[in-house]
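So you can see what is in the structure, the chains are spelled out below.
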Amino acid sequence: TSAQIGVTGLAVMGRNLARNFARNGYSVAVHNRTVSRTRALVEEFGHEGAFVAAETAKDFVAALERPRRLVVMVKAGEPTDAVIEEFAPLLEPGDMIIDGGNAHFADTRRRERELREHGIHFVGTGISGGEEGALHGPSIMPGGSVESYGSLGPMLEKISAKAADGAPCVTHVGPDGAGHFVKMVHNGIEYADMQLIGEAYQLLRDVAGYSPAQIADIFRTWNTGRLDSYLIEITAEVLSHVDAGGKPFVDVVVDQAEQKGTGRWTVQIALDLGVPVSGIAEAVFARSLSGHAALREASRGLAGPKPTPLAESEAAAFADRVEQALYASKIVSYTQGFHEIAAGSEEYGWDIDLGEVASIWRGGCIIRAAFLDRIRTAYDARSDLPSLLSDETFAREIAAAQDDWREVLVAATRQGVPTPGFAAALAYYDALRAERLPAALTQGQRDFFGAHTYRRVDREGAFHTLWGGDRSEVPA
Ligand code: 6PG
């Protein structure tokens, strides 16, 4: 028997992905360092399809048809390198190693380069959708060579999620690390979405005075409109949940958010590329601030307003405003994320189709949303769109939302409810549309203390003012 695809690393993601392939009619070789896991999979789910259990690396490789397709589902980082080291010597030119973990795209570029020298295709692949997605259809973001996609694409298309129009949520994102880069930004946007939802929740609680159960209903309503998305849907689920003692679940969970690193990478790389992803950055910082327990404890006595809930008659109108603020801020964080993808694509020569990225995020992944179909439409209409905000439809929606957006921030500021995501998004919007920015003053200061020179609005060239002398201007 020769299997069409192999999966090594049978923790929950790997196991579910292997089952997904098998349920779609592919024969799947399965392998795990601890053999009991391999046996357990076949025992429990063997009836779902054609599995070939391999106990050793050699058997695993031998079980695969050529060119071999070997999916690695281990923890990102050193474990991935260890698996490559183990399997690469057993492979032949033309074979493919597909890394489905949350790898850093720079690692993927290195691994791709090294394996290419041996004729092996390394396909760094972003996979989103958690356990359920892996089993029932994830959004898949493969990088690597065009050739590898030719062999792998049809299988990935089969097991992927499908968008509402039936399109598979997978595309060849671009060469080498492009897939993992796009997955990284997906996660950055995921952080921003979650932060914005968190701010909306806090405002509805503290300013509007609603209970978690009432807020769950509000999110349910929002989920039938333009905010329709997986994250809004599960927010309603989490907010309406009560623990065994009858308390709102959200009130008994320690308010310190953790992170595994992909959101942080999104911001680190954006800094390197010079792309302002302020909304995503605020989301990452908000998580780290929440975790500084001692610092927060020491700061509890600091002066500031204590939120006083609105009169019941005003609460519903305020909730509508929060919806506007959330939607406008969401447009901004996607604008920033897509800017980062465009910049990464430019820097590394990936030629990423932004409309395709929006398209494959429409289903399966954590940020899946009706909204993404509209982003796809925007980029499909104009692939050279300078930014999502330049799209007429989004610009019009923000124009309509902005009064409420500003009002919500006024209320938040006055009542002392932290809303870094909403605020960063609005600041970005106002900065982009500003006629003049204080950057001119920054340039003056730099020229004053360091003779760093400046350009003028009325003449070509670089100039320096003799600040310490007669303050005349000289060409630099
Ligand atoms: C996905 C998720 C997945 C994972 C995140 C969680 O797309 O399926 O993004 O990759 O759940 O990495 O990230 P944090 O642990 O950093 O919140």
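The sections below set out a description of the structure shown in this document. These figures come from a predicted structure and were not determined experimentally.

Conventions and cut-offs
- Residues numbered from 1 in each chain as written.
- Predicted model: local features only at pLDDT ≥ 70, side-chain atom pairs only at ≥ 80, totals over all residues.
- Heavy atoms only, no water.
- Near = heavy atom within 4 Å.
- Areas by Shrake-Rupley, 256 points an atom, 1.4 Å probe, with all protein chains shown as cover.
- Helix = DSSP H or I, 4+ residues; strand = E, 2+ residues; numbered from the N terminus.
- Nonpolar A, V, L, I, M, F, W, Y, C, P; charged D, E, K, R; others polar.
- Salt bridge = Lys/Arg side-chain N within 4 Å of Asp/Glu carboxyl O.
- Buried < 20%, exposed > 50% of the residue type's maximum accessible area, 1.4 Å probe, protein only.
- Pairing = 2+ DSSP bridges.
- Axes fitted to C-alpha atoms, helices over the stretch in contact; angles between N-to-C directions.

1. Topic: the site of the ligand
And then number 1: Neighbouring the ligand are 15 residues; S128, E190, Y191, K260 and R287 lie closest to it.
And then number 2: Here the ligand loses 81% of its free accessible area of 410 Å² to cover by the protein chains.
And then number 3: Among the elements that take part in the shell around the ligand, helix α8 (residues 178–206) stands out by supplying five residues, more than any other.
And then number 4: Of the residues assigned to the shell around the ligand, the class counts are two nonpolar, nine polar and four charged.

2. With respect to the pattern of salt bridges
If charged atoms from side chains of opposite charge come close, those side chains can pair.
And then number 1: Going through the model one piece at a time under the given rule, you end up with 32 salt bridges.
And then number 2: A single salt-bridge network, built from bridges that share partners, covers D81, D99, D107, R110, R111 and E114.

3. Examining the pairing of strand β1 (residues 5–8)
And then number 1: Side chains of β1 alternate between two faces, with I5 and V7 and G6 and T8 buried alike.
And then number 2: Where β1 and strand β2 (residues 28–31) come together, four bridges link them in parallel fashion. If you follow G6 over to β2, its bridge partner there is A29.
And then number 3: Pairing of β1 with strand β4 (residues 69–72), which is carried by three bridges, proceeds in the parallel orientation. By the bridge assignment, V7 is partnered in β4 with V71.

4. Here's the deal with the sheet that holds strand β5 (residues 96–99)
And then number 1: If you walk across this open sheet you meet the seven strands as β3-β2-β1-β4-β5-β6-β7, and the pairing is mixed. In this open sheet, the two strands that pair with only one neighbour each are β3 (51–54) and β7 (139–142). On average, adjacent strands in this sheet sit at an angle of 25 degrees to one another, irrespective of strand direction.

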